[in-house]
Amino acid sequence: MRSNIDNGLIKQYLARAGIIEDHIQTKKRNALMQKLCALVLEFEEEIARRKTFPRGDFKCQLQPFGSYGLGGYLAGADIDIVLLGTRDVERRDFYRTFRRALRRITENIEVIKRTAVPIIKCNIDSIPVDISFVSLKLSTVPRNINLVDDRYLEGLDKECLASMDGPRTQKFILDHIEPDHMPVFRCALQCIKYWATQRFLYGKPMGYLNGSTWTFLLLKTYMSVDSGHISVFGLLQEFFDMWSNWPWPQPVLLTEHIPGLYGTAVNYEDIEDFKNSVMPIVSPCYPVCSSTPFATISTLRVITQEFKRAKTIMKSDYFSDINSLLMKLFKELNFFGRYKHFLRVIVTSETIKSDETWKRKMATAIPKLLELLEPHPAITFIHPYTKPYTESYSYSTLQGKAAIREGYLDYVENFSSPLQPGKLLMTTHLIGLEVSAPVPEIDISNEIHEFIEELEAKRNERDVDVTFKISSSKRSDLRLLVANS
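Since the model is a prediction, treat every value here as computed from it, not as a measurement.

**Focus: the overall build of the protein**
From N to C terminus, the protein includes 15 helices and 12 strands. Taken over the C-alpha trace, the protein has a radius of gyration of 25 Å; the compact-globule value for 485 residues is 23 Å, and the two agree within 12%. Reported as C-alpha extents along the three principal axes, the dimensions of the protein are approximately 75 × 60 × 50 Å. Each of the 485 residues in the protein was classed as buried or not, and the buried ones make up 50%.

Written out as structure tokens, the structure is:
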């Protein structure tokens, strides 16, 4: 295969496979944005009426960002939007008044306040939407506001400052891609995101990469190639070649120097986020942060292995046409066929809320377990799987309940015991292992004990129904788990 593959052929493959949306779905998203913009006008009118100043004195603005804002999203992706308000619009106005306006077009609304970037989550016309908010210290929001201008950060609280990162980053990316190259960049980004999804490399909390980080790596690739003529296939070849050979932990920078406020430079060594970082990727806008804060030696090895696999496929002369090459590139990872030995991290709970809470908590806790296991001399490769398995199990006795908590799914209950029926939700996180010694001789009890202590420290008073269990399993032991899920 050569790099002069027609861009249209790759686009056709993505459309035919349902990887990207068709025109009808695109129109649906455009209509959704029009509905939201109409709500902003109502929101402005309500704020003006309540605060008794003329309606025309100020303008708010909705700005999509992230994969939808760039146009490099996959079918079914959510939409990230920031509502840019003026100094007269407070966060409580966003939570109350804008949420009330949203109820005109959807009932599926959730306000999430206790997070770095507070959002209103909603589902409109079957499309998930996350809306964040920034109160700029302006009397009105200019139509063509340049968000990378650091002056707009003045006086912002920490929530607004964090909420500016995504939109500012998007503006930076758009400023560094020639308009004629944008269709190529978008298509290449869609290919990379789908490849990462199929190979289970998508998941920042678990030590892999999220959408913005994959975009940063593609932008770095784009900035390093000859800008005279680029193609989707050629850009993908360069992408996998560059990152399969990157000399980690050399940091990835998208700027000549790490930006401080108002164009000043910051020393990499002075940034706490990058102390002991194994895969440092520096976000391009002030205040910078690590785009891979949970990456470990193990997840870096998994990612590098997949980069090398993709590079081999992209440079192969074996494939007769682009369709067969892309089918191979996008082939879903056979995680269970790759390993003989696994660790099962099991979380059982009695309520859906506890289960959902601990899915989020466990995703960020798994990297700690990897770091505990990585120094072990008998464990040669560690591969955390990004897909958790959740199933509901019924029991009739307390013995049956205890057996489920221990992971014995085929336990036969003794009905001579008193009947106390109920249900448990069990979520299992899997880690594939390669070992250099017989499994019975490998002692990781200290590492598991320390990890369980870490989990116990994350409990609060609402977690009385939650229990943890870590056990080793062979491939054959997982058949029932996978079949049930």
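There is more to say, and it comes next.
**Some details on the pattern of salt bridges**
All chains considered together, the criterion is met by 25 salt bridges. The partner of Lys-469 in a salt bridge is Glu-406, with the nearest N and O atoms 2.9 Å apart. Linking Lys-469 in strand β12 (residues 467-474) with Glu-406 in the loop between α13 (398-405) and β11 (422-435), this pair joins segments that are 63 residues apart in sequence. With a relative accessible area of 23%, Lys-469 lands in the partly exposed category. According to the relative accessible area criterion, Glu-406 is partly exposed, its value standing at 36%. Arg-459 is paired through a salt bridge with Glu-456; the nearest N and O atoms lie 2.5 Å apart. Judged by relative accessible area, Glu-456 falls into the partly exposed class, the value being 38%. What you see here is one network of salt bridges that share partners, running through Glu-46, Arg-49, Arg-50, Lys-51, Glu-90, Arg-92 and Asp-93.

**What about the packing of helix α5 (residues 158-175) against helix α7 (residues 211-224)?**
The geometry of α5 relative to α7 is characterised by a closest axis approach of 11 Å and an angle of 20° between their N-to-C directions. By the angle between their axes, α5 is roughly parallel relative to α7. Crossing geometry of α5 relative to α7 is assigned as left-handed. Across the interface between the two elements, Thr-169, Phe-172 and Ile-173 from α5 touch Thr-215, Phe-216 and Leu-219 from α7. Partitioning the contact of α5 with α7 into residue classes produces 4 nonpolar, 2 polar and no charged.

**Remarks on the side chain of Ser-135**
Along the chain, Ser-135 falls in strand β5 (residues 127-135). Judged by its relative accessible area of 10%, Ser-135 falls in the buried class. Among the polar contacts listed, one links the side chain of Ser-135 to the backbone oxygen of Thr-86, at a separation of 3.0 Å. Within the local environment of Ser-135, its side chain forms a polar contact with the backbone oxygen of Val-89, the two atoms lying 2.9 Å apart.

**What about unusual backbone geometry?**
Omega for the peptide link from Trp-248 to Pro-249 comes to 10°, which places this bond in the cis form. By the element assignment, Pro-249 lies in the loop between α8 (232-244) and β6 (258-259). Of note in this structure, Tyr-262 is not a glycine but carries a positive phi near 60°. Following the sequence through the fold, Tyr-262 ends up in the loop between β6 and β7 (265-266).

**Brief notes about the packing of aromatic side chains**
On inspection of all chains with the given rule, the structure shows 31 aromatic pairs. Measuring from centroid to centroid gives 6.1 Å for Tyr-13 and Phe-330, while their planes differ by 40°, and the two rings are tilted. Here the residue Tyr-13 occupies a position in helix α1 (residues 7-16), and Phe-330 occupies one in the loop between α10 (322-329) and α11 (335-338), the gap between them amounting to 317 residues. Of the two residues, Tyr-13 and Phe-330, both sit in the buried class. Ring geometry for Phe-94 and Phe-98: centres 6.1 Å apart, planes at 20°, overall stacked. Placement of the pair is Phe-94 and Phe-98 together in helix α4 (residues 91-102), with a separation of 4 residues, close to one helical turn.

**Some details on the sheet that holds strand β3 (residues 109-112)**
Across the sheet, 5 strands lie side by side as β1-β2-β5-β4-β3; this open sheet has mixed pairing. The two strands at the open ends of the sheet, each matched to only one other strand, are β1 (61-65) and β3. Sheet twist, expressed as the average angle between the axes of neighbouring strands with direction ignored, equals 25°. Looking at chain direction, strand β2 (residues 79-85) and β5 are connected through 7 bridges and run parallel. Paired with Ile-79 across the bridge in β5 is Val-129. α5 contacts β1, β2 and β5 of the sheet and is inclined by roughly 115° relative to β5.

**Some thoughts on the environment of Arg-29**
Tracing the chain through its elements places Arg-29 in helix α2 (residues 23-51). Taking C-alpha positions, Arg-29 is 25 Å from Gly-203, a pair spaced 174 residues apart along the chain. Sequence-distant contacts of Arg-29, defined by excluding residues within four places in its chain, comprise Glu-21, Tyr-68, Tyr-73, Leu-74, Gly-76, Ala-77, Asp-78, Ile-79 and Ile-127.

**Some remarks on the nonpolar core**
Judged by nonpolar contacts, the single largest core of 106 residues is most densely connected at Trp-195, Trp-214 and Met-362. Ranked by residues supplied to this core, first place goes to helix α6 (residues 182-198) with 10 residues. Leaving out residues up to four positions away in the same chain, Met-362 has contacts with Val-345, Val-347, His-429, Phe-451, Leu-455 and Phe-468. Formed by 30 residues, the second largest nonpolar core is a distinct cluster that contains Leu-36, Ala-48, Phe-58 and Phe-133.

**Things to note about α1**
Among all positions in α1, only Ile-10, Tyr-13 and Leu-14 are buried. Mapping the buried residues of α1 onto a view down its axis gives an arc of 95°, with all of them on the same face. On its buried face, α1 is in contact with α6, α8 and α10. Capping of α1 at its N-terminal end is provided by Asp-6; its side-chain oxygen lies 2.8 Å from the backbone amide nitrogen of Gly-8.

Reading the values: rules and limits
- Residues numbered from 1 in each chain as written.
- Predicted model: local features only at pLDDT ≥ 70, side-chain atom pairs only at ≥ 80, totals over all residues.
- Heavy atoms only, no water.
- Helix = DSSP H or I, 4+ residues; strand = E, 2+ residues; numbered from the N terminus.
- Rg over C-alpha atoms; globule rule 2.2 N^0.38 Å.
- Buried < 20%, exposed > 50% of the residue type's maximum accessible area, 1.4 Å probe, protein only.
- Salt bridge = Lys/Arg side-chain N within 4 Å of Asp/Glu carboxyl O.
- Axes fitted to C-alpha atoms, helices over the stretch in contact; angles between N-to-C directions.
- Parallel < 35°, antiparallel > 145°, perpendicular 65-115°, else oblique.
- Left-handed = near helix turned anticlockwise from the far one by under 90°.
- Contact = heavy atoms within 4.5 Å.
- Nonpolar A, V, L, I, M, F, W, Y, C, P; charged D, E, K, R; others polar.
- Polar contact = N/O pair within 3.5 Å; in protein donor to acceptor, adjacent residues only side chain to side chain.
- Phe/Tyr/Trp six-rings, centres within 6.5 Å; stacked < 30°, edge-to-face > 60°.
- Pairing = 2+ DSSP bridges.
- Core = buried A, V, L, I, M, F, W, Y, C linked by side-chain atoms within 4.5 Å.
- Arc of directions from axis to C-beta.

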